[in-house]
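Working through the structure, step by step
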Amino acid sequence: MISFQPSPEERELRQLAREFAQSRLRPHARAAEQAGRPPEALAQESRELGLGGVALPEGWGGAGFSQVAACLVEEELAWGDPGLAVALGLREAALAFVADLLGEAPAGGPWEGPGVLLWPQVPDDPLAGSGITWTTQLQAAPQGERLSGSIGAAPGAQEAAWFLIPAARGERVVLLRLEGTAPGVERRPLRRPLGLAAAGWAEVALDGIAVGPGAVVWEGTVRDPAWVRARERAQLRVAAQLVGTARAALEYATQYAAQRQAFGQPIAQFQGISFMVAEMAMAVEAARNLVWYGAWRLDRGALPAGGAQALLHARGAALEVADRAVQVLGGHGYMADHPVEKWLRDARALGVAVWPETALEVEAASELGLAPGWVAGGAAGPGPVEGGAA
């Protein structure tokens, strides 16, 4: 039997995240969006609290909590501000990915400083369903291997000290760690991104970068259980952030509808508004439960856990709820005097920031056994997941 009640420890952790989001993130949201980065004092405070890495193993500098606990925290942080939630958790998100691949390891060494996981997959992948088309390739050269390719606009790429980048090596995939200042790395900052502006967006071009043995963090296929687990954890993190964004828009629109007067009564008493807000509430609750279910399955070793389904549903719910929140506010919804227009922009950016929609659709179908397995480079894949728990 599944319990939908967090444990006392999880409730305390969620309350801590909620207080931080309300007292620290929301007041800085607009300023951070204008600056393109979080205030340094806020970033330091976030690092001291460690909320972005609650599910990281202790050996990697985290608290070792469950994925369910991590999703509870991410929802609260995104409820405070999606842009700051993403910006303040970029390094921890990257470390969580590599920790799933490598297991317990010291947190020091090459993982210090700000870092980010980049996902160089073709947006409308022509091999979706039978493989993955990477935009980065690792190829043999007379004096060792060279990495070439490009990564479209990605949050955190503007100021990261190091990158985690998957790349194709023949029919296999390698995960590389590159210094942001390595020769051949070119960053092209986005000055006016649609949303999540506090995360510091940039495009990254890789021009024949020499790759030594020490740069290869992991090698395998995208059907390896460790890779699937890492990808699912990353997807659930974004899904929880989308739920938090949707919940923020829902709560604001509900409060506005209860206070705004028209024809002598609150607009919430009109069916056109009340029915719409009720549908928004159902969408948020359904998305949250799907995220929790995926996190619960991942904590119990199930692969696939349902991360793609949760992310797809949360993406749709966040866009729908934020758009309807703007409608509830009418003309005011498009003004910066109210935060719903920002949440709509953030939801749209968060929904496409990392994971291509076409690829997610195929992954969601694969979780039901309705699509071929994936292997880097486009080779025919095996069954659902090799070695995954049911």
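Predicted model only: the values in this text are computed from it and were never measured.

1. Considering the overall build of the chain
- The number of helices and strands found in the chain is 10 helices and 10 strands.
- Taking 2.2 N^0.38 as the reference for a compact globule, 390 residues should give roughly 21 Å; the C-alpha atoms of the chain span a radius of gyration of 21 Å, in line with that estimate.
- Summarising the internal contacts of the chain: among those between residues at least 6 apart in sequence, 74% fall at separations of at least 24.
- When the accessible area of the chain is evaluated, it comes to approximately 16400 Å², of which 54% is carbon and sulfur surface.
- Treating the 32 positive side-chain charges of the chain as one cloud and the 43 negative ones as another, the clouds have centres 3 Å apart.

2. Some words on the packing of helix α7 (residues 271–299) against helix α8 (residues 307–329)
- Running from N to C, α7 and α8 cross one another at 160°; their axes reach a closest spacing of 9 Å. Comparing the axis directions of α7 and α8 gives the class roughly antiparallel. Here α7 and α8 pass one another in a crossing that is left-handed. Here α7 contributes Met 276, Val 277, Glu 279, Met 280, Ala 283, Val 284, Ala 286, Ala 287, Leu 290 and Val 291 to the contact with α8, which in turn contributes Gln 309, Ala 310, His 313, Ala 314, Ala 317, Glu 320, Val 321, Arg 324, Ala 325, Gln 327 and Val 328.
- When its residues are assigned to classes, the contact of α7 with α8 shows 15 nonpolar, three polar and three charged.

3. Concerning helix α6 (residues 225–259)
- With 35 residues, α6 should reach 51 Å at 1.5 Å per residue; the first-to-last C-alpha distance of 51 Å fits that figure.
- In terms of residue burial, α6 counts as a mostly covered element, since 27 of its 35 residues are buried.

4. Topic: the pairing of strand β4 (residues 162–169)
- Within β4, seven of the eight residues are buried, leaving the element largely enclosed by the surrounding structure.
- With three bridges connecting them, strand β1 (residues 115–117) and β4 associate as parallel partners. Paired with Val 116 across the strands is Phe 163, a residue of β4.
- For β4 and strand β5 (residues 172–179), the ladder comprises eight bridges, and the chain directions are antiparallel. Note on β5: the bridge partner recorded for Ala 168 is Val 173.
- Between the antiparallel neighbours β4 and β5 lie two residues, among them Gly 170 with a positive phi of about 65°.

5. Focus: the confidence of the model for the chain
- Looking at the chain, the pLDDT average stands at 89 and 90% of residues meet or exceed 70.
- Below a pLDDT of 50 lies the segment residues 373–390, which in the model reaches 61 contacts outside its immediate sequence neighbourhood of four places, other chains included.

6. Regarding the pattern of salt bridges
- One pass over the structure, following the stated rule, counts 25 salt bridges.
- Residue Glu 76 pairs with Arg 18 through a salt bridge whose shortest N-O separation is 3.0 Å. Residue Glu 76 is located in helix α3 (residues 67–80), and its partner Arg 18 is located in helix α1 (residues 8–35); the two are separated by 58 residues in the primary sequence.
- For Asp 346, the salt bridge goes to Lys 342, with nearest N and O atoms at 2.6 Å. Linking Asp 346 with Lys 342, this pair stays in helix α9 (residues 340–352), spanning four residues, or about one helical turn.

7. A short note on α8
- With 23 residues, α8 should reach 33 Å at 1.5 Å per residue; the first-to-last C-alpha distance of 33 Å fits that figure.
- Gly 330, located one to two residues past α8, shows a positive phi value of around 65°.

8. Quick word on the packing of aromatic side chains
- For the structure on display, the rule yields 10 aromatic pairs.
- Consider the rings of Phe 97 and Trp 227, whose centres lie 5.2 Å apart with planes at 90°: the pair is edge-to-face. Of this pair, Phe 97 sits in helix α5 (residues 90–102) while Trp 227 sits in helix α6, placing them 130 residues apart in sequence.
- When the centroid spacing of 6.4 Å and the interplanar angle of 80° are considered together, the rings of Phe 263 and Phe 270 count as edge-to-face.
- A network of ring pairs unites the aromatic residues Phe 97, Trp 119, Trp 134, Trp 218 and Trp 227 as a single cluster.
- The side chain of Arg 26 reaches across the aromatic face of Trp 79, ending 3.9 Å from its centre.
- Here the basic side chain of Arg 177 rests over the ring of Trp 111, its NZ or CZ set 5.8 Å away from the ring centre.

9. Focus: the environment of Gly 170
- Examined against the element boundaries, Gly 170 turns out to sit in the loop between β4 and β5.
- On the basis of relative accessible area, Gly 170 is assigned to the exposed category, the value being 56%.
- Spatially, the C-alpha atom of Gly 170 lies 28 Å from that of Ala 305, the residues being 135 residues apart in sequence.

10. Some thoughts on unusual backbone geometry
- The omega angle of the peptide bond from Leu 303 to Pro 304 is -5°, so this bond is cis rather than trans.
- Relative to the elements of secondary structure, Pro 304 occurs in the loop between α7 and α8.
- Residues other than glycine seldom take positive phi values, yet Leu 196 does so here, at roughly 55°.
- Its location among the elements puts Leu 196 in the loop between β6 (185–189) and β7 (202–211).

11. Considering the environment of Arg 47
- On the secondary structure map, Arg 47 appears in helix α2 (residues 40–49).
- Classification of Arg 47 by relative accessible area gives partly exposed; the value is 47%.

12. A few points about the side chain of His 338
- One can find His 338 in the loop between α8 and α9.
- Setting aside anything within four residues of it in sequence, one finds His 338 in contact with Arg 30, Tyr 252, Tyr 256, Leu 329 and His 332.

Calculation rules
Residues numbered from 1 in each chain as written. Predicted model: local features only at pLDDT ≥ 70, side-chain atom pairs only at ≥ 80, totals over all residues. Heavy atoms only, no water. Helix = DSSP H or I, 4+ residues; strand = E, 2+ residues; numbered from the N terminus. Rg over C-alpha atoms; globule rule 2.2 N^0.38 Å. Contact = heavy atoms within 4.5 Å. Areas by Shrake-Rupley, 256 points an atom, 1.4 Å probe, with all protein chains shown as cover. Lys, Arg positive; Asp, Glu negative; His and termini not counted. Charge placed at Lys NZ, Arg CZ, Asp CG, Glu CD. Axes fitted to C-alpha atoms, helices over the stretch in contact; angles between N-to-C directions. Parallel < 35°, antiparallel > 145°, perpendicular 65-115°, else oblique. Left-handed = near helix turned anticlockwise from the far one by under 90°. Nonpolar A, V, L, I, M, F, W, Y, C, P; charged D, E, K, R; others polar. Expected span 1.5 Å × (residues − 1). Buried < 20%, exposed > 50% of the residue type's maximum accessible area, 1.4 Å probe, protein only. Pairing = 2+ DSSP bridges. pLDDT = per-residue confidence, 0-100. Salt bridge = Lys/Arg side-chain N within 4 Å of Asp/Glu carboxyl O. Phe/Tyr/Trp six-rings, centres within 6.5 Å; stacked < 30°, edge-to-face > 60°. Lys NZ or Arg CZ within 6 Å of the ring centre and 35° of its normal.

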